[in-house]
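Coordinate analysis (summary)
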Number of protein chains: 4
Amino acid sequence: MTSPTATLLIACPDRKGLVALLANFIASHNGNIIHADHHTDFTAGLFLSRLEWQLDGFDLTTEQITPAFSEIAKDLEANWQLHFSQKNRRLALWVSRQDHCLLDLIWRQRAQEIKGEIPLIISNHQNLKPIAEQYGIDFEYIPITKDNKAIQEAQQLEIIKKYNIDLVVLAKYMQILSQDFIRKFPNVINIHHSFLPAFVGANPYERAYERGVKIIGATAHYVTPDLDAGPIIEQDVVRVSHRDEVSDLVRKGKDLERVVLARAVRYHLQNRVLVYGNRTVVFA
Amino acid sequence: MTSPTATLLIACPDRKGLVALLANFIASHNGNIIHADHHTDFTAGLFLSRLEWQLDGFDLTTEQITPAFSEIAKDLEANWQLHFSQKNRRLALWVSRQDHCLLDLIWRQRAQEIKGEIPLIISNHQNLKPIAEQYGIDFEYIPITKDNKAIQEAQQLEIIKKYNIDLVVLAKYMQILSQDFIRKFPNVINIHHSFLPAFVGANPYERAYERGVKIIGATAHYVTPDLDAGPIIEQDVVRVSHRDEVSDLVRKGKDLERVVLARAVRYHLQNRVLVYGNRTVVFA
Amino acid sequence: MTSPTATLLIACPDRKGLVALLANFIASHNGNIIHADHHTDFTAGLFLSRLEWQLDGFDLTTEQITPAFSEIAKDLEANWQLHFSQKNRRLALWVSRQDHCLLDLIWRQRAQEIKGEIPLIISNHQNLKPIAEQYGIDFEYIPITKDNKAIQEAQQLEIIKKYNIDLVVLAKYMQILSQDFIRKFPNVINIHHSFLPAFVGANPYERAYERGVKIIGATAHYVTPDLDAGPIIEQDVVRVSHRDEVSDLVRKGKDLERVVLARAVRYHLQNRVLVYGNRTVVFA
Amino acid sequence: MTSPTATLLIACPDRKGLVALLANFIASHNGNIIHADHHTDFTAGLFLSRLEWQLDGFDLTTEQITPAFSEIAKDLEANWQLHFSQKNRRLALWVSRQDHCLLDLIWRQRAQEIKGEIPLIISNHQNLKPIAEQYGIDFEYIPITKDNKAIQEAQQLEIIKKYNIDLVVLAKYMQILSQDFIRKFPNVINIHHSFLPAFVGANPYERAYERGVKIIGATAHYVTPDLDAGPIIEQDVVRVSHRDEVSDLVRKGKDLERVVLARAVRYHLQNRVLVYGNRTVVFA
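Residues numbered from 1 in each chain as written. Chains lettered and ligands numbered in written order. Predicted model: local features only at pLDDT ≥ 70, side-chain atom pairs only at ≥ 80, totals over all residues. Heavy atoms only, no water.

1. Notes on the relation of the copies chain A and chain B
Convention followed: When the copies are overlaid, the least-squares fit takes in C-alpha atoms only where the residue has pLDDT of at least 70 in both copies. Two residues qualify as a contact provided that any one of their heavy atoms is within 4.5 Å of a heavy atom in the partner residue.
If you rotate chain A by 180° and push it 0.0 Å along the axis, it lands on chain B with an RMSD of 0.0 Å. Put plainly, the chains are arranged around a two-fold axis. Most of the interface of chain A is mirrored in chain B, where 100% of its interface residues are also at the interface.

2. Topic: helix 8 (residues 246–269) of chain C
Residue and element names in this part refer to chain C. Filter applied, for reference: In this description a helix means any DSSP run of H or I spanning at least four residues, a strand means any run of E spanning at least two, and both kinds are numbered starting from the N terminus. Here the expected span of a helix is defined as 1.5 Å times the quantity of residues minus one. For each residue, the accessible area found with a 1.4 Å probe, counting protein chains only, is set against the maximum for its type, and the residue is called buried under 20%, exposed over 50%, and partly exposed in between.
For helix 8, which comprises 24 residues, the first-to-last C-alpha distance of 34 Å matches the rise-based estimate of 34 Å (1.5 Å per residue) to within 8%. The buried count for helix 8 comes to 19 of 24 residues, which makes it a mostly enclosed element. Looking one or two residues past helix 8, asparagine 271 carries a phi angle of roughly 55°, positive in sign.

3. Thoughts on the interface of chain A and chain B
Interface size is commonly expressed as the accessible surface area that is lost when the partners come together. Formally: By buried area we mean the combined loss of accessible area, with a 1.4 Å probe, across both parts when two parts are placed together. The term salt bridge refers to a side-chain nitrogen of Lys or Arg lying within 4 Å of a carboxyl oxygen of Asp or Glu. Here the nonpolar group is Ala, Val, Leu, Ile, Met, Phe, Trp, Tyr, Cys and Pro; Asp, Glu, Lys and Arg are the charged ones; every other residue, Gly included, is treated as polar.
Of the residues lining the interface, 39 residues belong to chain A; the matching set on chain B comes to 39 residues. For the pairing of chain A and chain B, the buried interface totals around 3,300 Å² over both sides, and the portion due to carbon and sulfur atoms is 47%. We note a salt bridge from arginine 239 of chain B to glutamate 234 of chain A, for which the minimum N-O separation is 2.8 Å. Elements represented by at least two residues in the side of chain A that touches chain B include exactly strand 2 (32–41), strand 9 (188–195), helix 7 (204–211), strand 11 (232–239) and strand 13 (279–282) of chain A. Per-element tally for the side of chain A that touches chain B: the top contributor is strand 11 of chain A, with 7 residues. Here the side of chain A that touches chain B is composed, by residue class, of 16 nonpolar, 10 polar and 13 charged.

4. Examining the interface of chain A and chain D
To be explicit about the condition: Contacts described as polar in this section are N or O atom pairs within 3.5 Å, which, within protein, must combine one atom able to donate a hydrogen with one able to accept it, while residues neighboring in sequence count only if both atoms come from side chains.
The partner chain D presents 22 residues to the 22 residues of chain A that form the contact. One can count 8 salt bridges joining chain A with chain D. In this structure, the connection of chain A to chain D is made through 7 residue pairs in polar contact (both at pLDDT 80 or more). Of all the elements in the fold, those that place two or more residues in the side of chain A that touches chain D are strand 2, helix 3 (100–110) and helix 8 (246–269) of chain A. Here the side of chain A that touches chain D takes 6 residues from helix 8 of chain A, the largest share from any one element. Split by residue class, the side of chain A that touches chain D holds 7 nonpolar, 3 polar and 12 charged.

5. Remarks on unusual backbone geometry
Phi is positive for asparagine 30 of chain B, which is not a glycine, with a value near 65°. Within the secondary structure layout, asparagine 30 of chain B lies in the loop between helix 1 (18–28) and strand 2 (32–41). By relative accessible area, which is 38% here, asparagine 30 of chain B ends up partly exposed. Positive phi outside glycine occurs at glutamate 77 of chain C, with the angle close to 50°.

6. Quick look at the pattern of salt bridges
By the definition in use, this model includes 92 salt bridges over all chains. With its nearest N and O atoms 3.8 Å apart, the salt bridge here joins aspartate 236 of chain C to arginine 239 of chain D. With aspartate 236 of chain C in strand 11 (residues 232–239) and arginine 239 of chain D in strand 11 (residues 232–239), this residue pair bridges two chains. The class for aspartate 236 of chain C is buried, based on a relative accessible area of 19%. Each of Asp104, Arg108 and Glu113 of chain A together with Asp255 and Arg258 of chain D takes part in salt bridges that share partners, so that together they form one network.

7. Concerning the confidence of the model for chain A
Atomic detail in the predicted coordinates should be set aside for any region of low pLDDT. Our working rule: pLDDT measures the predictor's confidence residue by residue and takes values from 0 up to 100.
Residues at a pLDDT of 70 or more form 98% of chain A, whose mean pLDDT is 94. This complex was scored by the predictor with a pTM of 0.94 and an ipTM of 0.91.

8. Describing the environment of histidine 83 of chain A
All names here are of chain A. Assignment of secondary structure puts histidine 83 in strand 4 (residues 79–84). On the basis of relative accessibility, which here comes to 18%, the residue histidine 83 falls in the buried class. The spacing of histidine 83 and leucine 269 is 186 residues in sequence and 9.7 Å in space, taken between C-alpha atoms. Residues contacting histidine 83, with those up to four places away along its chain left out, are Thr5, Ala6, Thr7, Leu9, Arg89 and Asn271. A polar contact is formed between the side chain of histidine 83 and the side chain of glutamine 81, at a distance of 2.8 Å. Here asparagine 271 takes part through its side chain, which lies 3.4 Å from a polar atom of the side chain of histidine 83.

9. Thoughts on the sheet that holds strand 10 (residues 215–222) of chain C
Residues and elements named next belong to chain C. Put simply, the rule reads: Two strands make a pair as long as DSSP finds a minimum of two bridges between them. Between the N-to-C directions of two axes lies an angle of 0 to 180 degrees, each axis being a line fitted to C-alpha atoms and, for a helix, fitted only over the stretch in contact.
Taken in spatial order, the 7 strands of this open sheet run 7-6-5-8-9-10-11, and their pairing is mixed. Across the chains shown, the open sheet's two edge strands, defined by having one partner strand only, are strand 7 (138–141) and strand 11. Averaged over neighbouring strand pairs, the angle between their axes works out to 20° when direction is ignored. Relative to strand 7, strand 6 (residues 117–123) is paired through 4 bridges, and the arrangement is parallel. Across the sheet, residue serine 123 finds its bridge partner in strand 7, namely tyrosine 141. Those strands touched by helix 3 (residues 100–110) are strand 5 (90–95), strand 6, strand 8 (167–170) and strand 9 (188–195), and its axis lies near 170° from that of strand 6.

10. Points about helix 7 (residues 204–211) of chain C
All names here are of chain C. How we decide: Arc definition: directions from the helix axis to the C-beta atoms.
Among all positions of helix 7, only Pro204, Tyr205, Ala208, Tyr209 and Arg211 are buried. An end-on view of helix 7 places all buried positions within 165° of arc, on one side of the element. Phi turns positive, to about 70°, at glycine 212, one or two residues after helix 7.

11. Description of the pairing of strand 9 (residues 188–195) of chain D
Residue and element names in this part refer to chain D. Among the 8 residues in strand 9, 7 count as buried, and that is most of the element. In terms of strand pairing, strand 8 (residues 167–170) meets strand 9 through 3 bridges, oriented parallel. The residue bridging valine 168 from the neighbouring strand is valine 188, located in strand 9. Sheet analysis places strand 9 next to strand 10 (residues 215–222), joined by 7 bridges and oriented antiparallel. The partner of isoleucine 189 across the bridge, within strand 10, is tyrosine 222.

12. Focus on the side chain of arginine 211 of chain C
Tracing the sequence through the fold places arginine 211 of chain C in helix 7. There is a polar contact of 2.7 Å between the side chain of arginine 211 of chain C and the backbone oxygen of glycine 230 of chain D.

13. A few points about the packing of aromatic side chains
Just so we agree on the cut-off: Each aromatic pair joins two rings of Phe, Tyr and Trp (for Trp, the six-membered one) with centres within 6.5 Å, and gets the label stacked for planes under 30 degrees apart, edge-to-face for over 60, and tilted for any other angle. Either the NZ atom of lysine or the CZ atom of arginine qualifies as a charge over a ring when it sits within 6 Å of the ring centre and within 35 degrees of the ring normal.
Under the criterion given, the structure shown has 20 aromatic pairs over all chains. Here the aromatic rings of tryptophan 94 of chain A and tyrosine 173 of chain A are separated by 5.2 Å at their centres, their planes lie at 75°, and the arrangement is edge-to-face. Separated by 79 residues along the polypeptide, tryptophan 94 of chain A in strand 5 (residues 90–95) and tyrosine 173 of chain A in the loop between strand 8 (167–170) and helix 6 (179–184) bring together distant segments of the chain. Residues tryptophan 94 of chain A and tyrosine 173 of chain A agree in their burial class; the two are buried. Aromatic pair phenylalanine 25 of chain B and phenylalanine 69 of chain B: ring centres 5.4 Å apart, planes at 65°, arrangement edge-to-face. You can see phenylalanine 25 of chain B sitting in helix 1 and its partner phenylalanine 69 of chain B sitting in helix 2 (residues 62–76), a full 44 residues away along the chain. The residues phenylalanine 25 of chain B and phenylalanine 69 of chain B share a single accessibility class, namely buried. The ring of tyrosine 209 of chain B has arginine 279 of chain A sitting right over it, with the charged end atom 3.9 Å from the ring centre.

Laid out in structure tokens, this is it:
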């Protein structure tokens, strides 16, 4: 699979012949499909598909593929994206004070588990700057207060644009992004702890402890204006017991958060995640 | 371990010498401890302990143990319970229309995984009566409506008393018990599905599907007047994906519910669960 | 999805245009695909696919589909199977003395979690006969000894044929089937406990206890002449601790076995399992 | 719990009065127990216990505790250890070429999840030396060949002694230690992948892939002369599917290995692990 590939993610109203239609588009241009996964959501009446094919021997250039396919897509009333493996994605990692997710993502990028570059770290605190320097990553310190939030978000958007960022990963960035920000830059993945039951509001770990939960979880999701309510990409849990104090819950939560966030970022960068409504299909 | 045993569950303010004090009480009467587990909740400043010892060779009769220990407990300002393995516990299974938890508990009781008798099934519907008959268990049909709830609960309490019931298991009994009922009969275990995040209100599975959760869970807990908010005994989860339709979530949830409920009932009947505040210590 | 469906499971050498080829076969006959999942095993150079489409409106009868598709398949050097949802599958459950998997499968079939009929239970012991009678299932008692094994297997094959059985489920049938038997009737699913590390030979639970394992597992697989070494359909695990005695490992193992076996049988009956080499693709 | 503590780990033949005996030793010297957990292995007829108490106010010095307790222990035919929280443990991390466990342990030590110092990294390869330098940890390069193994092990033992090492962690050190080495320095923890079933010998991931396993695991254990067969401290698993290629199994295995190894090292450093026979009690 050394050949570069194109990946199509598409969602459209279900009807007969869709798999054939898409596969024929690729086959008719001499493309070799290396991954094809389709799903029908009968509740929503939607057909959802991921097709990845090799570009070696494909008789359309990357420039020609998009216009060629948009002809087909128009007729399908489809939401669709085309991604090309040659394009290197650029990530910005946003952090506050905690380093566990930051270090984990940097390590995985270095280990090539996560494809893409990490040219930028943004934080509302200074304390993780040494990590940025250690790995030769630019570090932008942007303190946030109630009063300056709007101005700071404008500055953040500017920096994102300047660095040509494709994906913002909130790697324990403990700030809420405004609706306006998300509308202007929607590619944002967040990680947060999850509990059964959920504990909304402050000190969730203390309250999970008081409630004596036996399981804690972590959820990675796309950010929507409604905090912690965006389409879920990945979740996982770990067992806890009465012997775990609040600090143990926090420690176990951190382990989960870094694994779950890394999986979600990886799925996204592999173009395996298709969002529709408030849910995702992860073609894992 | 064929000898009958006594089990002490105790919670009291922490102080020096408690383990020695309790162990000496048993040793001084020639008791052989077969299980001893202690826990200190430093947040609450509480010492919590479970001690189980063999009664063969113990020089106090079961009648003498309680008064003898209450002398010690008084000084400790302790909440405590004493249980004797000879005493056969009597369970009432409360159901509505679903049979998965009911059949599972009956099977485990027959397989002696769950110690105790099941002399009674109570339901607000008739459709599970054949199962009761098949296994020779009395079946009390008590339909519930908004208007007759108080009267029916009075009747239920009477039946529980008549059958000398020790534990009520809500094996998918889709009715809320009143504060008054719980105050009069607090030994009630319930099972319900859990989600990350939680979905309060109607049709949780539909909403979990719409939300695209990747994990669903089940929680077994003691019932308190605040529905679904009592001390948690056991929880577990199962992974789901976009390929799981609502009916699949329901099916997977059922599998979880019966396993999690069975574990919780088993822990309770083994006197492994100590409740304090709104949480439990499960000396598993 | 009330329409009856056809399901194609196919494995063939990978080459360009396969997805299009298969999808076109269905589309050209006016079929509506409701599930399409493809996988390429680059190590083996194989294309593997599951396609399910509705037969309402499909312009080939079930009798015509097989010959029509075999034309295409020949050219692909494909291994393939066609299944029709109208055909009711018939299961034979084989047991020895343990009832946990047997009761679980019967309950799921009654709950329609598992599609198909269970007309027959075969056992080398008598003790589970009452369960068969209770559920109105024929019970064939076929005691096995070293000496009569060949004769008994012949008898078993006869009964399988007589009852027109499609799938044999070894629901804790503690006997090894001969190569000859498997060659004559290959559709056999088995469940067995699994450990990390594995404990080959007698008393695995005792030895897992002595080894102090922290996890025990269960594996459901197709039976091959090489015992416990056939293609794996499903696996799962449960945590154990030093507090679990051998009897607890056995109990927890039983819970796993029934869930894992039920999942495997369900996948098989939904035609989601494609075997190639000694491994499976489960199009779950 | 800012007070320094003493921790007793003890295993001895079971008999009446042991809990009282141990608790009285601590209480009689005015010690405050903050963790007490006992376990009886009825199969082995052994009593196993962990007791941790605060040294503030305890009327024996750390120098006096050991001789004082050995008087008691003699009579019990006990195997026992005493650990003092003030004593800082010193770890040597042994690696080959892979860095995932190394970086993880260093990060956790920096985050104080793991108590102790890491003054030394030993490797039979040079490529991880930059990590050692980056974190200011001494790096000893000791290439191993069949011929020089004995000499090199002698050198390793010398270095361990020179650095006053308490625990050797084989953080993916792909070399087998000799019986002689283990006899001279038994405190060695190893991590390795585990499978259901197990794959002994070369290329286990390739073979797990060929076998189509649905779960892969990792096991952390104390090293014994019998490779990969020492007392198990911790295990965990992760699900895999047909979509996971060998490289995915390796990647998922790495994630497991670092989490499982970290838990095991943490338990050991908290003196929660008691070895007897070929199994452990983890007083978690």
